[in-house]
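Descriptive structure summary
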Amino acid sequence: MPTGNGIVADTPVSLVIGAGVFIKDHAYVGPTIDNNLFAVERTMFAPELNGILWDLQGTDYINRSVPRIEATVPSISAGVMGSTLPGLTTDTSTPGMTVFTDSGTRRIADADYHNYELDVERPNGGQIQFEVYNAINTGGLEGELQDDGLFAPRLVLTGRGTAAAPSTAPWKIRLLDTAS
């Protein structure tokens, strides 16, 4: 049985410290506050077999694997608003004003799906990139307007696979030796 503290040679460069930088389609969206999140939620099935009290190794089956990034963005810009609710329309017909409203259509247009990243610098150099592809905000648009705080909606960006490549995962984690 191993003993000790679990520290190995690459522990310092393997730590993830910080909330990360929020990126949409390879461009900065803006700052984030609070904690950001990267997750891959899986639902699995294992058959209940007569004669044994537990699940049998080798019979597990992945039903779903859904990636998501959550980020709290304390700025309102065209880039942020375009990420908040899929199906928005933008009206810039009045000079100096941009109006966002619901498009009224139920099907989400392909143009509303985007690639998102949380990029975190690694201690001693390098970067970790948490990426979700073809994502839309599956949360709502909500933020508190307050005298002593920021309006900061929380985005729940959930990745989607594509019909063109249904077996390609809509997420990646990249460990870079040098920052990109």
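What comes next concerns the included structure. (Residues numbered from 1 in each chain as written. Predicted model: local features only at pLDDT ≥ 70, side-chain atom pairs only at ≥ 80, totals over all residues. Heavy atoms only, no water.)

1. A short note on unusual backbone geometry
One non-glycine residue with positive phi stands out, namely aspartate 25, at about 50°. With respect to the helices and strands, the residue aspartate 25 is situated in the loop between strand S1 (21–24) and strand S2 (27–30). Positive phi, normally seen in glycine, also occurs at aspartate 34, with a value near 60°. As for its position among the elements, aspartate 34 is in strand S3 (residues 33–45). Assessed through its relative accessible area of 55%, aspartate 34 is described here as exposed. (Helix = DSSP H or I, 4+ residues; strand = E, 2+ residues; numbered from the N terminus. Buried < 20%, exposed > 50% of the residue type's maximum accessible area, 1.4 Å probe, protein only.)

2. As for the nonpolar core
Ranked by size, the top nonpolar core spans 15 residues in total, and within it Phe22, Ile69, Val73, Tyr116 and Leu157 carry the most contacts. Within the residue set of this core, elements represented by two or more residues are strand S4 (61–72), strand S7 (114–121), strand S8 (127–137) and strand S9 (154–158). Broken down by element, the residue count for this core peaks at four residues, all from S8. (Core = buried A, V, L, I, M, F, W, Y, C linked by side-chain atoms within 4.5 Å.)

3. A few points about the pairing of S8
Counting buried residues in S8 gives ten out of eleven residues, a clear majority hidden from the surface. Adjacent in sequence and paired antiparallel, S7 and S8 are bridged by five residues, among which asparagine 124 carries a positive phi angle near 70°. Bridge count for S8 against strand S10 (residues 171–176) is six bridges, and the pairing is antiparallel. The residue of S10 that forms the bridge with valine 132 is tryptophan 171. Strand direction decides the pairing type here: S8 and S9, joined by two bridges, are antiparallel. Bridge assignment links asparagine 137 to a residue of S9, and that residue is leucine 157. (Pairing = 2+ DSSP bridges.)

4. Concerning the pattern of salt bridges
Following the criterion strictly, the structure yields four salt bridges and no others. Ionic pairing is found between glutamate 41 and arginine 68, a salt bridge with its closest N-O pair at 2.1 Å. Separated by 27 residues along the polypeptide, glutamate 41 in strand S3 and arginine 68 in strand S4 bring together distant segments of the chain. Overall, the relative accessible area of 17% leaves arginine 68 in the buried class. Connected through salt bridges with shared partners, the residues Glu41, Arg68, Glu70 and Arg154 form a single ionic network. (Salt bridge = Lys/Arg side-chain N within 4 Å of Asp/Glu carboxyl O.)

5. Here we look at the pairing of S9
Burial runs high along S9: four of the five residues are buried. Across five bridges, S4 lies against S9 in antiparallel orientation. Across the sheet, the residue bridging to isoleucine 69 is leucine 157, located in S9.

6. Focus: the side chain of glutamate 131
By secondary structure assignment, the location of glutamate 131 is in strand S8. For glutamate 131, a relative accessible area of 4% puts it in the buried group. There is a polar contact of 2.6 Å between the side chain of glutamate 131 and the side chain of arginine 174. If we skip the residues at most four places from it in the chain, glutamate 131 touches Phe38, Tyr116, Glu117, Pro170, Trp171, Lys172 and Arg174. (Polar contact = N/O pair within 3.5 Å; in protein donor to acceptor, adjacent residues only side chain to side chain. Contact = heavy atoms within 4.5 Å.)

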